[in-house]
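# Coordinate inspection notes
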Amino acid sequence: MKTNFDLVIIGAGPAGMSAAIHASKFDMKTLVLDDQFAVGGQVYRHILQNNNNRTDLPFLDEDYWSGHNLAHEFSCSSAQLRPESRVWQITKNKEVFFTQKGKAHCVQAKAILIATGAMERPMPVKGWTLPGVMSVGAAQILLKTAQSGTDGAVFAGSGPLFYLAIQQYLRAGFEIKAVIDTSPKKIPLMGYILTIPALLQPNLLFKGARWRAEIRKKPFYFSEVKSVRINGKDFAESLCFTDVEGRKQTISTSHIFIHQGVIPNINLTMATELEHRWCGRQLCWKPKVDMFGESSIDGIFIAGDSLGVFGAEAAVFSGKIAIQRIAANAKRSAAIKTLVLCLYRWRQLAIRPFLDYLFKPPEDWLLPDDDTTVICRCESLSKADISNAIELGVSGPNQLKSFCRAGMGRCQGRLCGLTIQKMIANHHGQSEDKVGYFRLRPPIRPLTVLELATLSNDDPV
Amino acid sequence: MMIPSNRNKVIVIGGGIHGCATAYFLAKRGQTVTVVEKDHIARHASGVNAGGVRTLGRDLAEIPLSLASMDLWKKLHSEIGVYAQAFHPSFYLKVAIDEEGYALGSARAEALKHAGYNHEFWLDASDVQDRLPKLTTPTYGGFLVEGDGWARPWLIVRGFAQGARQYGAEIIEKCNVFGLELRQNCWYLKTDKGVFEADYVVNCAGAWAADLAFQSGEPKAPLSAYAPMLAVTESKPPILPAVIGVLGHTLSLKQLDTGQFVIGGGVRASANLSENSGEVVLPELRESMQLAARLFSDISNAQIIRCWSGIEGYMPDNLPIIGHGKQPGLIHGFGFSAHGFQLGPAVGEVLADLVMGQQPRVPLDAFRPDRF
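Residues numbered from 1 in each chain as written. Chains lettered and ligands numbered in written order. Predicted model: local features only at pLDDT ≥ 70, side-chain atom pairs only at ≥ 80, totals over all residues. Heavy atoms only, no water.

### Details of the overall build of chain B
Counted only if it meets this: Per the convention used, a helix needs a DSSP run of H or I reaching at least four residues, while a strand needs a run of E reaching at least two, with both numbered from the N terminus. Our radius of gyration looks at C-alpha atoms and nothing else; its globule reference is 2.2 Å times the residue count to the power 0.38. Should any heavy atoms of two residues lie within 4.5 Å, those residues are considered in contact. For the accessible areas, the method is Shrake-Rupley and the probe is 1.4 Å, while residue cover comes only from the protein chains on display. We score Asp and Glu as negative and Lys and Arg as positive, and we do not count His or the chain ends. The location of each charge is read from NZ of Lys, CZ of Arg, CG of Asp or CD of Glu.
The number of helices and strands found in chain B is 10 helices and 22 strands. Computed over the C-alpha atoms, the radius of gyration of chain B is 21 Å, within 12% of the 21 Å expected from 2.2 N^0.38 for a compact globule of 372 residues. Overall size of chain B, expressed as C-alpha extent along the three principal axes, is 70 × 45 × 40 Å. Looking at chain B alone, contacts between residues at least 24 apart form 74% of all its contacts between residues at least 6 apart. Element-wise, carbon and sulfur atoms account for 51% of the exposed surface of chain B, whose accessible area totals about 14,400 Å². The positive charge centre, built from 33 side chains, and the negative charge centre, built from 37, are 5 Å apart in chain B.

### Here's the deal with the nonpolar core
Note the cut-off: Residues belong to a common nonpolar core when they are buried Ala, Val, Leu, Ile, Met, Phe, Trp, Tyr or Cys residues joined through side-chain atoms within 4.5 Å. Working definition: with a 1.4 Å probe on protein chains only, accessible area under 20% of the residue-type maximum means buried, over 50% means exposed, and in between means partly exposed.
Core analysis: the biggest nonpolar cluster contains 68 residues, and Leu7 and Phe155 of chain A have the highest contact counts within it. If one sorts the elements of this core by residue count, helix H9 (residues 312-329) of chain A sits on top with 9 residues.

### A look at the pattern of salt bridges
Rules: One speaks of a salt bridge when a side-chain nitrogen belonging to Lys or Arg is within 4 Å of a carboxyl oxygen belonging to Asp or Glu.
Enumeration over the complete set of coordinates arrives at 33 salt bridges over all chains. Its salt-bridge partner being aspartate 211 of chain B, residue lysine 220 of chain B comes within 2.9 Å of it at the nearest N-O pair. When salt bridges with common partners are traced through the structure, they connect Asp243, Glu245 and Arg247 of chain A into a single cluster.

### Some remarks on the domain arrangement of chain B
Residues and elements named next belong to chain B. Convention followed: The split into domains, and so the bounds of each, comes from an automatic or database assignment of domains. For any pair of parts, buried area is found by adding up, for both, the accessible area (1.4 Å probe) each one loses once the two are put together. N or O atoms within 3.5 Å of each other form a polar contact, as long as, within protein, one can give a hydrogen and the other can take it, and as long as residues adjacent in sequence are counted only when both atoms are side-chain atoms. Note on residue classes: Ala, Val, Leu, Ile, Met, Phe, Trp, Tyr, Cys and Pro are nonpolar, Asp, Glu, Lys and Arg are charged, and everything else, Gly too, is polar.
Once the domains are mapped, chain B shows domain 1 (8-50 + 155-222 + 316-371) and domain 2 (88-148 + 224-314). On the side of domain 2, 15 residues touch domain 1, which itself brings 19 residues to the contact. Taken over both partners, the interface formed by domain 1 and domain 2 buries close to 1,300 Å², and the fraction arising from carbon and sulfur atoms is 53%. In terms of surface lost to domain 2, no three residues of domain 1 exceed Ala50, Ala207 and Trp208, which account for 35% of the buried area on that side. Run the count over domain 1 and domain 2 and you get 0 salt bridges. Taken together, the connections running from domain 1 to domain 2 amount to 9 residue pairs in polar contact (both at pLDDT 80 or more). Broken down by class, the residue content of the side of domain 1 that touches domain 2 amounts to 9 nonpolar, 6 polar and 4 charged.

Written out as structure tokens, the structure is:
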């Protein structure tokens, strides 16, 4: 017999943890599965470990430490956590398959909450595949988990996480060689209009403005930068760009951290064949859900940034809201609290239109103008390779696979899907939602032949 | 009176391997051919199958057709040019790993001998081990066919489509046929892209073919649709020079030129014909994985990077339907039950023969549409 759970939560970030805490108040038998060896997700990564030496970590601020209460409350809850568990398939019957330490397992859930968060948007600028280039998120994780960083790095891109990571890098005492900001130098009128709803989240708005102002004062700061290219033969050697006055500049460096915002991580939700919609404002696919986060399959819920990028605080509420609904379906709860939570969550979304507008990725970060830039890293296909295949008469990303193997490698389209979708849309003059995305299939996380071969349906979990 | 928007002599419904090969041979012989395909060329079973090109292990009734097809595969370059490079001939070994398998093998050897076929050759255990030095489980021997192999299916189908075009055939994609009707010796096809007229219609619509035939007035063929599943791993050093099957078990295993292993064997998931979707339930491939890991322990640690399925039509006796329909001018070629890819070239040729009133070079009695 498979082990049964009232609820299986995938992801122990803010949404997953708050949902688990809430679920234990309703006495739900809950299993929480997470990739990492400890809770926290990306935003509160390493929170329980770091909490023991707070004083040594001055670069982490109150927003980060606020995650400790959540993590602590979670560890006191009745939810069972299985860390280092990679979920590779969810079936429509709500079986959850995962691998932990080389062994595959299966559990049966009554309800499933997917809280797998967001990932950084692919950013195929010229040279992005050179050793020495990594994402700002990855640099931040090194800092959070190992206090590891480097002097002389260049940060290029934009977005809230971009400024946060730069702040943290500076506070950690690392010397930054340059910040190459692609967002506009002056906030346009539309931006000011969008700050009006954002005033519902004054803390975030003012904190962001303060960070930005601080960073902009630094001599190494360049704003409204265009045409970013990374040069180097075997590894990154320099970065060149056009500054706001139209001058070409080159900065030599061997460490470049790039970022253009985050998007929902849809590999699990798409491989589960949930319905999705294209969000033109955040330029990403989002699962279709009702106001409680229930997807197109009854009993499969989604919470947190895998619904759309709204941040940790909204994620906490969306986790709770989903549990309210799951409990209500199981006749264990009251409706009024759900509405109050929805209102709280709604307030947490207020700043997003402003941020999405201000940090909209520049066109040449979504689709490079240079033909030699690698788009599909797994199959080493350049923009020209993919353009040539599209010109043979390809109507969508799935057909493209059989023309040039784009998207057929290990990353399953995570690093090329949106770029390829945009290329096909541009070629046919169609909208991106018409073109559609790769058909994603399990296993969405690595799984060896032996792990699948030794999967047992009746091991106790 | 309806004014026909198009006039064609032969319309082939379905842009899979059988449809495209039929169109190719018809066009090559000077016929006016149009292929109508509801999605795109090689979208379903023809394009996403495991790519096995085998004469080995065929139903006795299917052997002449399969051997005739192999003749075409061997000279494929002269038909579809550079696309023929997608065919990788090597050898096919179907081994026995238990007594049941050995018994099946013995019975088959007897039946083949009785029927006068000698293309499958029984190897004893030590010869199997010599052929497969990396094999990690003892065998009871196995059947060998030299010259069988694997192909990248979508490229072969595209090769036939391209060849057909070069001989003047028209291939219309995204063109679903929703009405098929015979009136005064003329076939009318109602499609997304208008009404087509034809003297002959060749029904190569795969899993969708039986419904299409039925609504045109043919008897209902007992065709069921499933989505056989496959998985592919990351690249590993080459260890497997052949395509491998196991007598009495569901496994088909090969290593591509990229070093990736393709593991399948016909485990079926459900298919939804109206939504064009096949399910993928990876855990159901568990037994195939167990066998693959047991046969070659080097495969154990390979990571599975993708799993997929294609929608296929199955007949109760696992033999296809190839032949004239009840109504004049309608010819069927479908129901290949997950082993039609290798047959593709020969099926294209015999369907072209049937359209042109010529005697096919192999007997088709076992595939009669009215056998049920």
